[in-house]
Amino acid sequence: MASAPRRAGRVRARFRPANGSRRSRGVGASRVPPRRPLPFGQLTLLCLVQQLGTTLSRDDAAVATKLDWLQLAVLGLDAGDARIRAYVPEVLRQVKACLEQLPPRTRSTHRAPVSILVRVITSLLALPPP
């Protein structure tokens, strides 16, 4: 069985193509079956949300994959987790702004996942602080 650091390294390598890294030669995120819930800690999920959410408009070919992973990551966030609580609102505001500023063609092509993500993020932002 692989050690935790080796597993984490393989998982990071699989995500590089989805978050826009040009240097990666790892397996694309579209080939990695999404697990529910995602097997990451809260800090990793928050970073994933920020990376995927703020790079959506950079690569039209990867938008659908990024939206799939972004939806899983946002749904897996625990906004009350003490390690990320202070950062969640700012990251979610950034991602929501990026979703709302997607080019019209991209928004219309991916209307359902974009709409769901905006609603979930709006709901998370409306939660009272713990």
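Residues numbered from 1 in each chain as written. Predicted model: local features only at pLDDT ≥ 70, side-chain atom pairs only at ≥ 80, totals over all residues. Heavy atoms only, no water.

## What about the environment of Trp 69?
Residue placement: Trp 69 occurs in helix α3 (residues 63-76). Each C-alpha atom, one on Trp 69 and one on Leu 48, is 8.6 Å from the other, the two residues being 21 residues apart in sequence. (Helix = DSSP H or I, 4+ residues; strand = E, 2+ residues; numbered from the N terminus.)

## Considerations on the environment of Ile 116
In this structure, Ile 116 sits in helix α6 (residues 111-126). It is 8.3 Å that separates the C-alpha atoms of Ile 116 and Gln 71, two residues lying 45 residues apart in sequence.

## Quick look at the packing of helix α2 (residues 42-54) against α3
For the pair α2 and α3, interaxial distance at closest approach is 9 Å and the crossing angle is 145°. Both α2 and α3 take part in a crossing whose hand is left-handed. In this structure, α2 uses Gln 42, Leu 45, Leu 48, Val 49, Leu 52 and Gly 53 to contact α3, whose residues at the interface are Lys 66, Trp 69, Leu 70, Ala 73, Val 74 and Gly 76. By residue class, the composition of the contact of α2 with α3 is 8 nonpolar, 3 polar and 1 charged. (Axes fitted to C-alpha atoms, helices over the stretch in contact; angles between N-to-C directions. Left-handed = near helix turned anticlockwise from the far one by under 90°. Contact = heavy atoms within 4.5 Å. Nonpolar A, V, L, I, M, F, W, Y, C, P; charged D, E, K, R; others polar.)

## Digging into α6
A rise of 1.5 Å per residue sets the reference length of α6, with its 16 residues, at 22 Å; its end C-alpha atoms lie 22 Å apart and thus fit the reference within 8%. Those residues of α6 that fall on the buried side of the exposure criterion are Val 114, Leu 117, Val 118, Ile 121 and Leu 124. Across the axial projection of α6, the buried residues extend over an arc of 130°, all falling on one side. Counted as exposed and oriented over 90 degrees from the buried face of α6: Arg 111, Arg 119 and Ala 126. Buried residues along α6 sit against α3, α4 (88-100) and α5 (104-109). (Expected span 1.5 Å × (residues − 1). Buried < 20%, exposed > 50% of the residue type's maximum accessible area, 1.4 Å probe, protein only. Arc of directions from axis to C-beta.)

## Description of α4
End to end, α4 covers 18 Å across 13 residues, agreeing with the expected 18 Å (1.5 Å per residue, within 8%). Within the span of α4, buried status applies to Val 88, Val 91, Leu 92, Val 95 and Leu 99. Burial along α4 is one-sided: seen end-on, the buried residues are contained in an arc of 95°. Buried-residue contacts for α4 involve α2, α3, α5 and α6.

## Observations regarding the pattern of salt bridges
Using the criterion set out here, one finds 2 salt bridges in the structure. Notably, a salt bridge pairs Asp 81 with Arg 83, separated by 2.9 Å at the nearest N-O pair. Residue classification places Asp 81 among the buried positions, given a relative accessible area of 13%. (Salt bridge = Lys/Arg side-chain N within 4 Å of Asp/Glu carboxyl O.)

None of this, on its own, says anything about what the molecule does.
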